[in-house]
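So the chains spell out like this:
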Amino acid sequence: MSSVCLSMEGGAAASTPAALPYYVAFSQLLGLTLVAMTGAWLGLYRGGIAWESDLQFNAHPLCMVIGLIFLQGDALLVYRVFRNEAKRTTKVLHGLLHIFALVIALVGLVAVFDYHRKEGYADLYSLHSWCGILVFVLYFVQWLVGFSFFLFPGASFSLRSRYRPQHIFFGATIFLLSVGTALLGLKEALLFKLRDKYSAFEPEGVLANVLGLLLACFGGAVLYILTRADWKRPSQAEEQALSMDFKTLTEGDSPGSQ
(Lines give C-alpha, C1' and ligand atoms only; values in the text may rest on other atoms or scores of the structure.)
Protein backbone atom coordinates (compact mmCIF):
# COMPACT_ATOMS: atom_id res chain seq x y z
CA MET A 1 0.00 0.00 0.00
CA SER A 2 1.28 3.47 -0.88
CA SER A 3 2.08 5.65 2.07
CA VAL A 4 0.34 8.96 2.70
CA CYS A 5 2.65 11.95 3.04
CA LEU A 6 2.07 15.63 3.79
CA SER A 7 1.42 18.02 0.94
CA MET A 8 3.21 21.30 0.47
CA GLU A 9 0.07 23.12 1.62
CA GLY A 10 0.29 21.36 4.97
CA GLY A 11 -2.69 19.00 4.58
CA ALA A 12 -2.84 15.29 4.05
CA ALA A 13 -1.73 14.36 0.55
CA ALA A 14 -3.46 11.79 -1.61
CA SER A 15 -1.74 8.45 -1.86
CA THR A 16 -0.03 7.53 -5.12
CA PRO A 17 -1.51 4.51 -6.95
CA ALA A 18 0.83 1.57 -6.48
CA ALA A 19 1.37 0.86 -10.19
CA LEU A 20 1.70 4.46 -11.38
CA PRO A 21 5.42 4.97 -10.58
CA TYR A 22 6.32 1.78 -12.46
CA TYR A 23 4.42 2.84 -15.57
CA VAL A 24 5.96 6.31 -15.44
CA ALA A 25 9.44 4.82 -15.03
CA PHE A 26 8.77 2.48 -17.97
CA SER A 27 7.65 5.40 -20.14
CA GLN A 28 10.83 7.30 -19.28
CA LEU A 29 12.97 4.29 -20.11
CA LEU A 30 11.24 4.05 -23.47
CA GLY A 31 11.62 7.79 -24.09
CA LEU A 32 15.32 7.96 -23.24
CA THR A 33 15.99 4.83 -25.31
CA LEU A 34 14.09 6.45 -28.18
CA VAL A 35 16.24 9.60 -28.05
CA ALA A 36 19.45 7.57 -27.75
CA MET A 37 18.50 5.28 -30.63
CA THR A 38 17.63 8.27 -32.82
CA GLY A 39 21.10 9.67 -32.16
CA ALA A 40 22.66 6.26 -32.87
CA TRP A 41 20.77 5.95 -36.17
CA LEU A 42 21.90 9.39 -37.30
CA GLY A 43 25.47 8.78 -36.14
CA LEU A 44 25.93 5.29 -37.56
CA TYR A 45 24.08 5.60 -40.87
CA ARG A 46 23.60 9.30 -41.60
CA GLY A 47 27.00 10.78 -40.74
CA GLY A 48 26.02 12.61 -37.55
CA ILE A 49 24.92 16.23 -37.17
CA ALA A 50 26.63 19.47 -38.22
CA TRP A 51 24.77 22.72 -38.88
CA GLU A 52 26.94 24.23 -41.61
CA SER A 53 27.22 21.18 -43.85
CA ASP A 54 25.22 18.53 -45.68
CA LEU A 55 24.51 17.02 -42.27
CA GLN A 56 22.29 19.93 -41.26
CA PHE A 57 19.18 17.97 -42.18
CA ASN A 58 19.94 15.42 -39.47
CA ALA A 59 19.19 18.00 -36.80
CA HIS A 60 15.56 17.83 -37.89
CA PRO A 61 14.65 14.27 -36.80
CA LEU A 62 16.66 14.53 -33.59
CA CYS A 63 15.07 17.83 -32.56
CA MET A 64 11.59 16.60 -33.37
CA VAL A 65 12.01 13.40 -31.37
CA ILE A 66 13.41 15.30 -28.37
CA GLY A 67 10.92 18.17 -28.56
CA LEU A 68 7.59 17.03 -29.96
CA ILE A 69 7.82 13.43 -28.73
CA PHE A 70 9.87 13.06 -25.55
CA LEU A 71 9.47 16.48 -23.91
CA GLN A 72 5.86 16.85 -25.00
CA GLY A 73 5.09 13.43 -23.55
CA ASP A 74 6.79 14.34 -20.28
CA ALA A 75 4.89 17.63 -20.12
CA LEU A 76 1.62 15.70 -20.38
CA LEU A 77 2.67 13.43 -17.52
CA VAL A 78 3.51 16.26 -15.11
CA TYR A 79 0.08 16.20 -13.48
CA ARG A 80 0.30 12.44 -12.94
CA VAL A 81 3.82 12.50 -11.47
CA PHE A 82 3.56 15.58 -9.24
CA ARG A 83 0.28 14.74 -7.58
CA ASN A 84 0.65 16.57 -4.28
CA GLU A 85 2.73 19.62 -5.11
CA ALA A 86 1.23 23.11 -5.27
CA LYS A 87 -0.95 23.47 -8.38
CA ARG A 88 0.79 26.63 -9.57
CA THR A 89 4.23 24.98 -9.31
CA THR A 90 2.98 22.06 -11.38
CA LYS A 91 1.46 24.43 -13.94
CA VAL A 92 4.74 26.28 -14.34
CA LEU A 93 6.68 23.04 -14.85
CA HIS A 94 4.06 21.85 -17.36
CA GLY A 95 4.33 25.13 -19.28
CA LEU A 96 8.14 25.21 -19.21
CA LEU A 97 8.46 21.69 -20.58
CA HIS A 98 6.10 22.63 -23.39
CA ILE A 99 8.02 25.78 -24.27
CA PHE A 100 11.34 23.88 -24.26
CA ALA A 101 9.71 21.35 -26.61
CA LEU A 102 8.43 24.18 -28.82
CA VAL A 103 11.84 25.87 -29.07
CA ILE A 104 13.65 22.61 -29.87
CA ALA A 105 11.02 21.74 -32.49
CA LEU A 106 11.46 25.20 -34.03
CA VAL A 107 15.20 24.53 -34.36
CA GLY A 108 14.31 21.28 -36.14
CA LEU A 109 12.02 23.13 -38.55
CA VAL A 110 14.64 25.77 -39.30
CA ALA A 111 17.17 23.02 -39.97
CA VAL A 112 15.07 21.26 -42.60
CA PHE A 113 13.89 24.41 -44.38
CA ASP A 114 17.41 25.88 -44.42
CA TYR A 115 18.82 22.60 -45.74
CA HIS A 116 16.22 22.46 -48.51
CA ARG A 117 16.99 26.06 -49.48
CA LYS A 118 20.73 25.40 -49.70
CA GLU A 119 20.28 22.19 -51.69
CA GLY A 120 17.50 23.50 -53.92
CA TYR A 121 14.91 20.97 -52.76
CA ALA A 122 11.17 21.63 -52.79
CA ASP A 123 9.33 22.32 -49.52
CA LEU A 124 6.01 21.06 -48.19
CA TYR A 125 5.07 18.57 -50.90
CA SER A 126 4.90 15.35 -48.85
CA LEU A 127 2.26 14.09 -46.44
CA HIS A 128 4.88 14.10 -43.69
CA SER A 129 5.64 17.79 -44.22
CA TRP A 130 1.94 18.74 -44.30
CA CYS A 131 1.30 16.82 -41.08
CA GLY A 132 4.43 18.31 -39.53
CA ILE A 133 3.37 21.91 -40.18
CA LEU A 134 -0.13 21.13 -38.92
CA VAL A 135 1.26 19.62 -35.71
CA PHE A 136 3.63 22.53 -35.08
CA VAL A 137 0.92 25.17 -35.63
CA LEU A 138 -1.54 23.30 -33.42
CA TYR A 139 1.12 22.84 -30.75
CA PHE A 140 1.98 26.55 -30.77
CA VAL A 141 -1.69 27.57 -30.58
CA GLN A 142 -2.32 25.04 -27.80
CA TRP A 143 0.58 26.43 -25.76
CA LEU A 144 -0.44 30.03 -26.37
CA VAL A 145 -4.06 29.46 -25.39
CA GLY A 146 -3.05 27.31 -22.44
CA PHE A 147 -0.71 30.03 -21.19
CA SER A 148 -3.45 32.64 -21.54
CA PHE A 149 -6.01 30.57 -19.64
CA PHE A 150 -3.96 28.79 -16.98
CA LEU A 151 -0.82 30.83 -16.30
CA PHE A 152 -1.76 34.39 -17.19
CA PRO A 153 -3.35 35.92 -14.06
CA GLY A 154 -6.18 37.67 -15.94
CA ALA A 155 -8.15 34.53 -16.86
CA SER A 156 -11.27 33.89 -14.78
CA PHE A 157 -11.97 30.64 -12.97
CA SER A 158 -15.09 30.05 -15.08
CA LEU A 159 -13.16 30.33 -18.36
CA ARG A 160 -10.50 27.95 -17.09
CA SER A 161 -13.12 25.42 -16.03
CA ARG A 162 -14.90 25.53 -19.38
CA TYR A 163 -11.72 25.32 -21.44
CA ARG A 164 -9.94 22.61 -19.40
CA PRO A 165 -11.61 19.59 -21.12
CA GLN A 166 -10.73 20.98 -24.57
CA HIS A 167 -7.16 21.66 -23.45
CA ILE A 168 -6.75 18.08 -22.25
CA PHE A 169 -8.31 16.62 -25.40
CA PHE A 170 -6.22 18.67 -27.82
CA GLY A 171 -3.06 18.03 -25.80
CA ALA A 172 -3.45 14.26 -26.15
CA THR A 173 -4.52 14.59 -29.81
CA ILE A 174 -1.53 16.74 -30.77
CA PHE A 175 0.81 14.29 -29.03
CA LEU A 176 -0.73 11.40 -30.96
CA LEU A 177 -0.42 13.37 -34.23
CA SER A 178 3.24 14.08 -33.39
CA VAL A 179 3.99 10.38 -33.03
CA GLY A 180 2.21 9.58 -36.29
CA THR A 181 4.04 12.36 -38.14
CA ALA A 182 7.38 11.12 -36.82
CA LEU A 183 6.58 7.62 -38.10
CA LEU A 184 5.73 9.06 -41.52
CA GLY A 185 9.02 10.97 -41.59
CA LEU A 186 11.02 7.92 -40.57
CA LYS A 187 9.49 5.84 -43.34
CA GLU A 188 10.08 8.65 -45.85
CA ALA A 189 13.75 8.95 -44.88
CA LEU A 190 14.27 5.20 -45.30
CA LEU A 191 12.60 5.06 -48.71
CA PHE A 192 14.59 8.03 -50.00
CA LYS A 193 17.94 6.49 -49.10
CA LEU A 194 17.51 2.72 -49.17
CA ARG A 195 14.91 2.40 -51.94
CA ASP A 196 14.89 -1.23 -53.13
CA LYS A 197 17.46 -2.25 -50.49
CA TYR A 198 14.91 -1.59 -47.77
CA SER A 199 13.18 -4.90 -48.55
CA ALA A 200 16.51 -6.74 -48.27
CA PHE A 201 16.64 -6.19 -44.48
CA GLU A 202 19.47 -3.66 -44.59
CA PRO A 203 20.85 -3.04 -41.07
CA GLU A 204 19.78 0.62 -41.19
CA GLY A 205 16.27 -0.41 -42.14
CA VAL A 206 16.05 -2.89 -39.26
CA LEU A 207 17.37 -0.31 -36.77
CA ALA A 208 14.91 2.30 -38.04
CA ASN A 209 12.04 -0.17 -37.80
CA VAL A 210 12.93 -0.78 -34.15
CA LEU A 211 13.06 2.99 -33.69
CA GLY A 212 9.55 3.20 -35.13
CA LEU A 213 8.31 0.57 -32.69
CA LEU A 214 9.85 2.56 -29.83
CA LEU A 215 8.01 5.67 -31.04
CA ALA A 216 4.71 3.79 -31.02
CA CYS A 217 5.39 2.19 -27.61
CA PHE A 218 6.34 5.49 -25.98
CA GLY A 219 3.22 7.12 -27.37
CA GLY A 220 1.10 4.23 -26.16
CA ALA A 221 2.63 4.28 -22.68
CA VAL A 222 2.04 8.02 -22.26
CA LEU A 223 -1.56 7.80 -23.50
CA TYR A 224 -2.28 4.82 -21.23
CA ILE A 225 -1.09 6.75 -18.17
CA LEU A 226 -3.13 9.78 -19.21
CA THR A 227 -6.35 7.86 -19.79
CA ARG A 228 -6.39 5.98 -16.48
CA ALA A 229 -9.11 7.87 -14.60
CA ASP A 230 -7.93 6.60 -11.21
CA TRP A 231 -4.44 8.00 -11.85
CA LYS A 232 -5.55 11.59 -12.34
CA ARG A 233 -4.19 14.22 -10.00
CA PRO A 234 -6.61 14.61 -7.08
CA SER A 235 -8.08 18.04 -6.37
CA GLN A 236 -6.12 19.96 -3.78
CA ALA A 237 -7.67 22.02 -0.98
CA GLU A 238 -6.87 25.29 -2.80
CA GLU A 239 -8.65 24.08 -5.96
CA GLN A 240 -11.71 22.90 -4.04
CA ALA A 241 -11.92 26.28 -2.29
CA LEU A 242 -11.78 28.13 -5.62
CA SER A 243 -14.47 25.86 -7.04
CA MET A 244 -16.74 26.45 -4.04
CA ASP A 245 -16.19 30.22 -4.21
CA PHE A 246 -17.07 30.22 -7.91
CA LYS A 247 -20.23 28.20 -7.27
CA THR A 248 -21.20 30.55 -4.46
CA LEU A 249 -20.78 33.63 -6.65
CA THR A 250 -22.60 32.22 -9.68
CA GLU A 251 -25.37 30.12 -8.13
CA GLY A 252 -25.85 31.72 -4.74
CA ASP A 253 -24.96 28.55 -2.84
CA SER A 254 -23.06 28.71 0.41
CA PRO A 255 -19.93 26.57 0.79
CA GLY A 256 -21.62 24.78 3.62
CA SER A 257 -24.57 23.70 1.51
CA GLN A 258 -22.65 21.02 -0.41
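Within every chain, residues take consecutive numbers counted from 1 along the sequence as written. Local features in a predicted model are, by the rule used here, given only for residues with pLDDT of at least 70; side-chain atom pairs are given and counted only at 80 or more, and totals for whole chains, interfaces and linings are based on all residues. Water and hydrogen atoms were dropped before computing side-chain values, which therefore reflect all heavy atoms in the structure.

- Per an unreviewed UniProt entry, the chain goes by the name Transmembrane ascorbate-dependent reductase CYB561 and belongs to Pongo abelii.
- UniProt positions are given in the numbering used here, feature names are shortened, and annotations may be inferred rather than shown by experiment. Checking UniProt for the chain, the heading Cofactor (unreviewed entry) contains the comment "heme b".
- Its UniProt record gives the chain a comment under Subcellular location (unreviewed entry), which states: "Cytoplasmic vesicle, Secretory vesicle, Chromaffin granule membrane".

1. As for a nonpolar patch on the surface
Working step 1: Together, Trp51, Val103, Leu106, Val107 and Val110 give the surface a local cluster of nonpolar side chains, amounting to about 400 Å² of exposed area.
Working step 2: Here Leu106 shows up in helix α3 (residues 87-119).
Working step 3: Each residue is placed in one exposure class: buried if its accessible area under a 1.4 Å probe, protein chains only, is under 20% of its type's maximum, exposed if it is over 50%, and partly exposed if it falls in between. Its relative accessible area of 43% is what places Leu106 among the partly exposed residues. Excluding any residue in a salt bridge, patches collect residues exceeding 30% relative accessible area, merging like charges within 9 Å and nonpolar Val, Leu, Ile, Met, Phe, Trp and Tyr side chains within 5 Å. Only the protein chains shown count as cover for residues, with accessible areas throughout obtained via the Shrake-Rupley method and a probe of 1.4 Å. Take a side-chain nitrogen of Lys or Arg and a carboxyl oxygen of Asp or Glu: if they are within 4 Å of each other, that pair is a salt bridge. Numbering of helices and strands runs from the N terminus; a helix is a DSSP stretch of H or I covering at least four residues, while a strand is a stretch of E covering at least two.

2. Quick look at the side chain of Thr90
Working step 1: Structurally, Thr90 is set in helix α3.
Working step 2: In contact with Thr90, not counting residues within four places along its chain, are Val78, Tyr79, Phe82, Glu85 and Arg233. Working rule for contacts: check all heavy atoms of both residues, and any pair within 4.5 Å makes them a contact.

3. Overview of the packing of helix α2 (residues 59-81) against α3
Working step 1: Here an angle of 0 to 180 degrees is reported between the N-to-C directions of two axes, which are lines fitted to C-alpha atoms, with helices fitted over the stretch in contact. Viewed as axis vectors pointing N to C, α2 and α3 meet at an angle of 165°, and their least axial separation amounts to 8 Å. Classed by the angle they form, the pair α2 and α3 counts as roughly antiparallel. Between α2 and α3 lies a crossing whose hand is left-handed.
Working step 2: Residue classes in the contact of α2 with α3 are distributed as 20 nonpolar, 7 polar and 3 charged. Should an angle lie under 35 degrees it is considered roughly parallel, over 145 roughly antiparallel, and from 65 to 115 roughly perpendicular; all remaining angles are considered oblique. Two helices cross in a left-handed way if the nearer one is turned anticlockwise from the farther one by less than a right angle. They cross in a right-handed way if the turn is clockwise. Under the scheme applied, nonpolar residues are Ala, Val, Leu, Ile, Met, Phe, Trp, Tyr, Cys and Pro; charged residues are Asp, Glu, Lys and Arg; polar residues are all the others, including Gly.

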